[in-house]
Amino acid sequence: MNFEQTISPEFDADDVDIFAELGSPSVQPTQASNPLHSILLEEETPTEVDPQLVAGLLQVLAQHSIRQHSTNPKNVMPEHAENVDLNSARVTLIDDEYRLSLLVELQGNQHIRPCVRAQHDSGQINLVEEPDIPSKWKPLYDFLENAFKQAILSLKTSTQFL
């Protein structure tokens with residue numbers, strides 16, 4: 001820009017890139033990226049979905065399923081457990097495996113987190129069969145497994161990335 005040039009009536013300030021004139025790269029407005037928004041709106045191209053985001057969605061869906069189907073936590077509590085905290089449900093991701101667990105307080109003030117597992121392979125999430133579950137833990141395991149199945153099914157039917 002020539003600063004000594006007179007401003008004529010045809011001069012339009014919008015035609016001047018002030019950043020280019022000052023030697024700076026121009027600033028482009030950026031939109032905040034919302035990964036969930038982009039996942040739900042993208043229909044044409046499959047994208048790689050963050051596994052931590054999937055774990056978070058599965059956790060919310062599993063917690064909802066647990067709340068819906070828990071009439072009495074004592075029905076699923078093993079005999080030597082004092083308390084099953086249904087509000088402690090969480091989904092963690094270890095390698096390619098999602099785990100849904102609940103906090104169980106045993107006698108003697110000990111806490112454990114029994115879990116059910118689901119393997120993530122080629123865009124599919126499949127439950128892992130646990131061999132030899134002790135009969136006293138079977139009701140809690142079945143309860144967790146059903147909640148996890150519901151969460152996975154809900155995620156599959158409500159999005160296109162599983």
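In what follows, the accompanying structure is described. (Residues numbered from 1 in each chain as written. Predicted model: local features only at pLDDT ≥ 70, side-chain atom pairs only at ≥ 80, totals over all residues. Heavy atoms only, no water.)

**Regarding the pairing of strand 2 (residues 97-106)**
1) Next: Buried residues dominate strand 2, accounting for seven of its 10 residues.
2) Next: Note that strand 1 (residues 81-94) and strand 2 share nine bridges and pair antiparallel. Each residue of the ladder has a partner; that of I94, found in strand 2, is E97.
3) Next: Adjacent in sequence and paired antiparallel, strand 1 and strand 2 are bridged by two residues, among which D95 carries a positive phi angle near 55°.
4) Next: In this sheet, strand 4 (residues 115-121) lies alongside strand 2 in antiparallel orientation, the contact comprising five bridges. In the strand pairing of strand 4, Y98 is matched with A118.
5) Next: Across three bridges, the pairing between strand 2 and strand 3 (residues 110-112) is antiparallel. Within the sheet, the bridge partner assigned to V104 lies in strand 3 and is I112.
6) Next: Connecting strand 2 to the next strand, strand 3, in antiparallel fashion are three residues, including G108 with a positive phi near 85°. (Buried < 20%, exposed > 50% of the residue type's maximum accessible area, 1.4 Å probe, protein only. Helix = DSSP H or I, 4+ residues; strand = E, 2+ residues; numbered from the N terminus. Pairing = 2+ DSSP bridges.)

**Quick look at the pattern of salt bridges**
Side-chain pairs of opposite charge can arise whenever the charged atoms involved come near each other.
1) Next: Evaluated as defined, the whole model comprises four salt bridges.
2) Next: Where R117 meets E97, a salt bridge forms, and the shortest distance between an N and an O atom there is 2.9 Å. Taken together, the residues span a long stretch of sequence, with R117 in strand 4 and E97 in strand 2 at a distance of 20 residues.
3) Next: Residue D142 pairs with K138 through a salt bridge whose shortest N-O separation is 3.1 Å. With a gap of four residues between them, D142 and K138 both fall in helix 4 (residues 138-158), about one helical turn apart.
4) Next: Judged by its relative accessible area of 26%, D142 is partly exposed.
5) Next: One network of salt bridges, with partners in common, ties together E97, R99, R117 and E130. (Salt bridge = Lys/Arg side-chain N within 4 Å of Asp/Glu carboxyl O.)

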